[in-house]
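Take a look at the letters that make up each chain.
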Amino acid sequence: MLSRLKKNQFLFEELVKRDFNKKYRGAILGIFWSVLSPLLSLFVMQIAFSRFFGASTPHYIIYLFSGNIVLSFFRESTTTGMSALSGNAAIFSKIPVSKYLFVLSKNTSAFINFIFVLIVYFLFVIGDGISVTPRFLLLLFPIVCLTVFNIGAGLILSALYMFFRDVEYFYHVFLMLLTYLSAIFYTLDRFSPLQQTLFLLNPIYTYISYFRIVVIQNATPDWLLHFLCAFYAALAVGVGAWIYKKYNYQFIYYV
């Protein structure tokens, strides 16, 4: 894969540039929307839920922000990745090129936006009185795992979208459900131990939980959380790669 990426480096770079220009074309604030959008979402959620959960949750604004940035990164990567193949059919139907490059370019654009938001996140962390310690370097692990997971999910969704365009509508409903099942704005202390364990079946929650443990609790997550973060990433990208390999030559018939 790396050799093919190097071979198509120019095309990949142009795809990333095009995605950025297309996303912020005509917007007065331009790229600043990548930071402003999650901040506005955070502001709305803080107003809506702080009265119910904020009083009993330490550093509630960071608790919210941790969940919001992870979910936003996943949402942007997968929603844009879903149409990566169909939106570039005019290219791969005429030029022999590795089709995963289109999904990878969408994820790269989303990752760059995520880095900008992450900088603001750490500024909020410092502003909330949380000390930045060397333990924060552990966050590199869930960030890498989440990025790989997003790529895998993008591969799966983009392939499904080529065959079934209804996937787009079902996925929007799924994202809404995922928001409520990822403990973005509420804590798990109101659930039974069994129910709390079931939350770990949600990959997005595992990445959010990792962030909160390191940043808010200033602790190191246990081995189970490390395993699940890596497992979900490997599973997603493995399934996505298998689908692309199996159906690679069929995509052209559904353009």
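Residues numbered from 1 in each chain as written. Predicted model: local features only at pLDDT ≥ 70, side-chain atom pairs only at ≥ 80, totals over all residues. Heavy atoms only, no water.

Trainee: What's the story with the overall build of the protein in this structure? I'm lost.
Mentor: For the protein, the count of helices and strands is twelve helices and zero strands. Along the protein, helices and strands appear, N-terminal first, in the series α-α-α-α-α-α-α-α-α-α-α-α. Burial analysis of the protein (255 residues in total) assigns 47% to the buried set. Put simply, 78% of the contacts in the protein that link residues at least 6 apart link residues at least 24 apart. Surface summary for the protein: the accessible area is close to 13,700 Å², and the carbon and sulfur share equals 69%. (Helix = DSSP H or I, 4+ residues; strand = E, 2+ residues; numbered from the N terminus. Buried < 20%, exposed > 50% of the residue type's maximum accessible area, 1.4 Å probe, protein only. Contact = heavy atoms within 4.5 Å. Areas by Shrake-Rupley, 256 points an atom, 1.4 Å probe, with all protein chains shown as cover.)

Trainee: Any chance you could explain helix α11 (residues 203–215) here in plain terms?
Mentor: In an α-helix, one turn spans 3.6 residues, which is why side chains three or four residues apart end up on the same side. Compared with an ideal rise of 1.5 Å per residue, which puts 13 residues at 18 Å, α11 spans 19 Å between its outermost C-alpha atoms and is within 8% of the ideal. Counting buried residues along α11, 13 of its 13 residues qualify, which places the element largely inside the surrounding structure. (Expected span 1.5 Å × (residues − 1).)

Trainee: I'm lost on a nonpolar patch on the surface in this one. Help?
Mentor: Together, W223, L224, F227, F231, L235 and V239 make up an exposed nonpolar region whose accessible area comes to about 590 Å². Looking at where W223 falls in the secondary structure, it is placed in helix α12 (residues 223–247). In this structure W223 comes out as exposed when scored by relative accessible area, which is 66%. (Patch = residues over 30% accessible without salt bridge, like charges linked within 9 Å, V, L, I, M, F, W, Y side chains within 5 Å. Salt bridge = Lys/Arg side-chain N within 4 Å of Asp/Glu carboxyl O.)

Trainee: How should I be thinking about the nonpolar core in this particular structure?
Mentor: A general feature of soluble globular proteins is that nonpolar side chains tend to end up buried together. In this structure, I69, Y121, I204, Y207, F211 and V215 are the most contacted members of the largest nonpolar core, which totals 58 residues. When residues of this core are traced back to their parent elements, those giving at least two are α3 (33–53), α4 (60–82), α7 (100–127), α8 (140–163), α9 (167–181), α11 and α12. Looking at this core element by element, the count peaks at eleven residues for α4. Counting residues in hydrophobic clusters, the runner-up holds 15 residues, among them L155, A159, I243 and Y244. (Core = buried A, V, L, I, M, F, W, Y, C linked by side-chain atoms within 4.5 Å.)

Trainee: When you look at the packing of aromatic side chains in this model, what are you seeing that I'm missing?
Mentor: Think of a pair of aromatic rings as described by two things: how far the centres are apart, and how the planes are tilted against each other in angle. Scanning the model with the defined rule gives 21 aromatic pairs in all. Both rings, one in F149 and one in Y207, keep their centres 6.0 Å apart while their planes meet at 55°; by these two values the pair is tilted. Of this pair, F149 sits in helix α8 while Y207 sits in helix α11, and the two are 58 residues apart along the sequence. Taken as a pair, F149 and Y207 share a single burial class, namely buried. Through a chain of ring-to-ring contacts, the aromatic side chains of F65, Y121, F122, F124, F136 and F211 assemble into a single cluster. One residue, R165, lies across the ring of Y161, its end atom 4.9 Å from the ring centre. (Phe/Tyr/Trp six-rings, centres within 6.5 Å; stacked < 30°, edge-to-face > 60°. Lys NZ or Arg CZ within 6 Å of the ring centre and 35° of its normal.)

Trainee: Please explain the side chain of T187 as it appears in this structure.
Mentor: The topology assignment puts T187 in the loop between α9 and α10 (193–198). Taking the relative accessible area as the measure of exposure, T187 reaches 13% and is therefore buried. Of the polar contacts made by the side chain of T187, one reaches the side chain of D189; its length is 2.8 Å. The residues touching T187, leaving out its near neighbours within four places in the chain, are T57 and Y63. (Polar contact = N/O pair within 3.5 Å; in protein donor to acceptor, adjacent residues only side chain to side chain.)

Trainee: Looking at this structure, how should I read the side chain of R212?
Mentor: If you trace the backbone, R212 turns up in helix α11. One buried charged residue, R212, remains without a salt bridge, the closest side chain of opposite sign being D189 at 11 Å. For R212, the side chain forms a polar contact with the main-chain oxygen of I184, separated by 3.0 Å. (Lys, Arg positive; Asp, Glu negative; His and termini not counted.)

Trainee: Got a minute to help me understand the confidence of the model for the protein in this structure?
Mentor: As a note on interpretation, predicted positions should not be read in detail where pLDDT is low. Of all residues in the protein, 80% attain a pLDDT of 70 or more, and the chain-wide mean is 84. Of all secondary-structure elements in the protein, the lowest mean pLDDT belongs to helix α1 (residues 2–7), at 57, while α11 reaches the highest, 97. (pLDDT = per-residue confidence, 0-100.)

Trainee: Explain unusual backbone geometry here, please?
Mentor: Outside of glycine, negative phi angles account for most residues, and trans bonds account for most peptide bonds. Phi is positive for H59, close to 50°, though the residue is something other than glycine. Phi at N218 is positive, roughly 50°, even though this residue is not glycine. Tracing the backbone through its elements, the reader meets N218 in the loop between α11 and α12. Exposure remark for N218: the relative accessible area of 37% places this residue in the partly exposed category.

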